[in-house]
Amino acid sequence: MARRAAGTASATDADQAPAALPLAARLDQLGTESAFEVLARARELERQGRDVIHLEIGEPDFDTPAHIRAAATAALGEGWTHYGPAAGQPELREAIAADVARRRGVPVAPSQVIVTPGAKPVMFFTMLALVEPGDEVVYPDPGFPIYESMIRFAGGRPVPLVLREERAFAFDPDEFLALLSPRTRLIVLNTPHNPTGGSLDRAALGVVAAAAREREIAVLADEIYSRILYAGEHVSIYSLPGLAERTILLDGFSKTYAMTGWRLGYGVFPPALVPHVERLMVNSVSCTASFVQRAGLAALQGPQDAVAAMVAEFRRRRDLFVAGLNAIPGIRCLEPPGAFYAFPNVSALGLSSDALADRLLREYGLATLAGTAFGRAGEGYLRLSYANSLPNLEAALARLAAAAATLRA
Ligand code: PLP
């Protein structure tokens, strides 16, 4: 592919022409997360004096629990300010392995755990390590946009697996099986799920597990919302027979402990992958921040009541918010069993998701994400994060109701 020039260079000196930097063609393959773009637009409106309610951001609105913050402060005082091992501090890798083993009911060796700055690099590293040009990767649609972006960046062919409202945002097993081919190298699963809040049950995971075993396909199990589940037990494909040896388990601290800005996550990898992912760490970030890892240790080993309190509060908000959405003519919304997102069907309002999200922001001061920000199968839906206060959620419902009434008039 031909190189192209960067178009954003600007001359600060009138005598100097802007430099035309030749860019690598691979940059064209990179997608993005439009939550950050909508947030920037919303902030700009706020700067102009507009009042905006934020339902676009995918992060807990709570502060990181005090004992975790205290552990980080203490760690800074104790000198945890230097480089550490690329794969993470041994104590933290041990604590993560013990936590994963206990919660998933399978043995995990600390040597399989790689600590990363946020969980996102686990996606990046997995794609770079496993996907060759032309390999096919099955991923959920709608789904976290970085999956498709990373598949393309690695040269792979993204194969969307549609999640359907009529199946409570699970997939049709026959449709899943029909997507597999001799080129299928990796299957990405996410449960509980962003953006729908749905979760996959043991039967659905069993279908994927059987196919992965038979056809020797790897699985990337994104379980970043595993602790934010309101009904039933979280079932992990990692714990199904024969799957640990072919599954990369992605989890982290961002959502569970309200630590999004700390950048702390991890992957549990099959042993053969570990040295390669360690080298990807060395080549990219060297290691995860040392004092942040000490805070992570405190998060895992300290009291868990703050997590339970956050989940209980999310549940209260979900109940109110989803009931409020269903009371608006033209909107219908399933009750999501996990994460902190509602994914209402707004197709009866007669606008595309994108046009509706745009209008809600401009005319009603309501920042939301179009379902299509998560893939083509998101058309007809909005993603609304209810990680916001009850008064804000009530005000958001009133704005949505006003918009829906105008559109239906
Ligand atoms: N996976 C999913 C499904 C997410 O929604 C997110 C964040 O929004 C991540 C992974 C990334 O988590 P982190 O902030 O720890 O990188």
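Throughout this description, residue numbers start from 1 for each chain and increase along the sequence as written. Confidence filtering applies because this is a predicted model: local features only for residues at pLDDT of at least 70, side-chain atom pairs given and counted only at 80 or more, and all residues used for totals across whole chains, interfaces and linings. As a rule here, side-chain values come from all non-hydrogen atoms in the structure, and water together with hydrogens is ignored.

### Some remarks on the environment of Asp99
Along the chain, Asp99 falls in helix α3 (residues 90-104). Sequence separation between Asp99 and Gln301 is 202 residues, and the spatial gap between their C-alpha atoms is 9.2 Å. Numbering of helices and strands runs from the N terminus; a helix is a DSSP stretch of H or I covering at least four residues, while a strand is a stretch of E covering at least two.

### Description of the pairing of strand β14 (residues 382-385)
Residues Leu382 and Leu384 point to one face of β14 and Arg383 and Ser385 to the other, with burial holding for every one of them. Two strands qualify as a pair provided that DSSP identifies no fewer than 2 bridges between them. Summarising the sheet, strand β11 (residues 341-342) and β14 pair through two bridges and their orientation is antiparallel. Each residue of the ladder has a partner; that of Ala342, found in β14, is Leu384. As defined by bridge partners, strand β13 (residues 369-370) adjoins β14 across two bridges and the pair is classed as antiparallel. Each residue gets one of three labels from its accessible area relative to the maximum for its type: buried under 20%, exposed over 50%, partly exposed in between, using a 1.4 Å probe on protein chains only.

### Let's talk about the sheet that holds β13
Strand order in the open sheet formed by three strands is β11-β14-β13, and the pairing between neighbours is antiparallel. Each having just a single partner strand, β11 and β13 make up the two edges of the open sheet.

### Examining the site of the ligand
Proximity is defined per residue: any heavy atom of the residue falling within 4 Å of a molecule or strand makes that residue near it. Around the ligand there are 14 residues in total, and Asp222, Tyr225, Ser254, Lys255 and Arg263 lie nearest to it. Taking Ala119, its main chain carries an N or O atom lying 2.9 Å from an oxygen atom of the ligand. Within the side chain of Asp222, one N or O atom sits 2.6 Å away from a nitrogen atom of the ligand. Note that accessible areas follow from Shrake-Rupley with a 1.4 Å probe, and for residues the cover is restricted to the protein chains shown. When isolated, the ligand has an accessible area of 390 Å², and the protein chains bury 93% of it. Whenever a nitrogen or oxygen atom comes within 3.5 Å of another N or O atom, the pair is scored as a polar contact, on the condition that within protein one atom can donate a hydrogen and the other can accept it, and that pairs from neighbouring residues in sequence are kept only if both atoms are in side chains.

### As for the packing of aromatic side chains
Whether two aromatic rings pair depends on their centres lying within 6.5 Å, for rings of Phe, Tyr and Trp, where Trp uses its six-membered ring; planes under 30 degrees apart make the pair stacked, over 60 edge-to-face, and the rest tilted. What the rule picks out here adds up to 13 aromatic pairs. With a centroid separation of 5.5 Å and an interplanar angle of 80°, the aromatic rings of Phe169 and Phe343 are classed as edge-to-face. On the criterion of sequence distance, the pair formed by Phe169 in the loop between β6 (157-162) and α6 (173-179) and Phe343 in the loop between β11 and α11 (353-364) is long-range, its members being 174 residues apart. Comparing Phe169 with Phe343, the two get one shared label, buried. Taking 5.5 Å as the distance between ring centres and 45° as the angle between the ring planes, the aromatic pair formed by Phe171 and Phe176 counts as tilted. The two residues Phe171 and Phe176 agree in class, both being buried. Aromatic ring contacts, followed pair by pair, group Phe62, Tyr225, Phe314, Phe340 and Tyr341 into a single cluster.

### Quick word on the domain arrangement of the protein
Start and end points for every domain follow an automatic or database-based domain assignment. Each domain of the protein was delimited in the assignment, giving domain 1 (27-63 + 306-408) and domain 2 (82-301). A straight line from the C-alpha centre of domain 1 to that of domain 2 covers 26 Å. By definition in these notes, contact holds between two residues if any of their heavy atoms fall within 4.5 Å. Between domain 1 and domain 2, the contact holds 37 residues from the first and 35 residues from the second. Here the quantity called buried area is the total loss of accessible area, with a 1.4 Å probe, experienced by two parts when brought into contact, counted for both. The junction of domain 1 with domain 2 conceals about 3,000 Å² of combined surface from both sides, 62% of it contributed by carbon and sulfur atoms. Only one rule defines a salt bridge in this text: a Lys or Arg side-chain nitrogen within 4 Å of an Asp or Glu carboxyl oxygen. On the surface where domain 1 and domain 2 come into contact, there are two salt bridges. Across the pair Lys120 and Glu33 runs a salt bridge whose closest N-O atoms are separated by 2.6 Å. Summed over the shared surface of domain 1 and domain 2, the result is 18 residue pairs in polar contact (both at pLDDT 80 or more). Where the side of domain 1 that touches domain 2 is concerned, the elements lending two or more residues are α10 (305-326) and β11. If one sorts the elements of the side of domain 1 that touches domain 2 by residue count, α10 sits on top with six residues.

### Notes on the sheet that holds strand β4 (residues 113-116)
One open sheet holds the seven strands; their spatial order is β4-β10-β9-β8-β7-β5-β6, and the pairing between them is mixed. Among the strands making up the open sheet, the edge pair consists of β4 and β6. Sheet twist, expressed as the mean angle between neighbouring strand axes with direction ignored, is 20°. Relative to strand β9 (residues 247-252), strand β8 (residues 218-222) is paired through four bridges, and the arrangement is parallel. Following the sheet pairing, Ala221 is matched in β9 by Leu249. Here an angle of 0 to 180 degrees is reported between the N-to-C directions of two axes, which are lines fitted to C-alpha atoms, with helices fitted over the stretch in contact.

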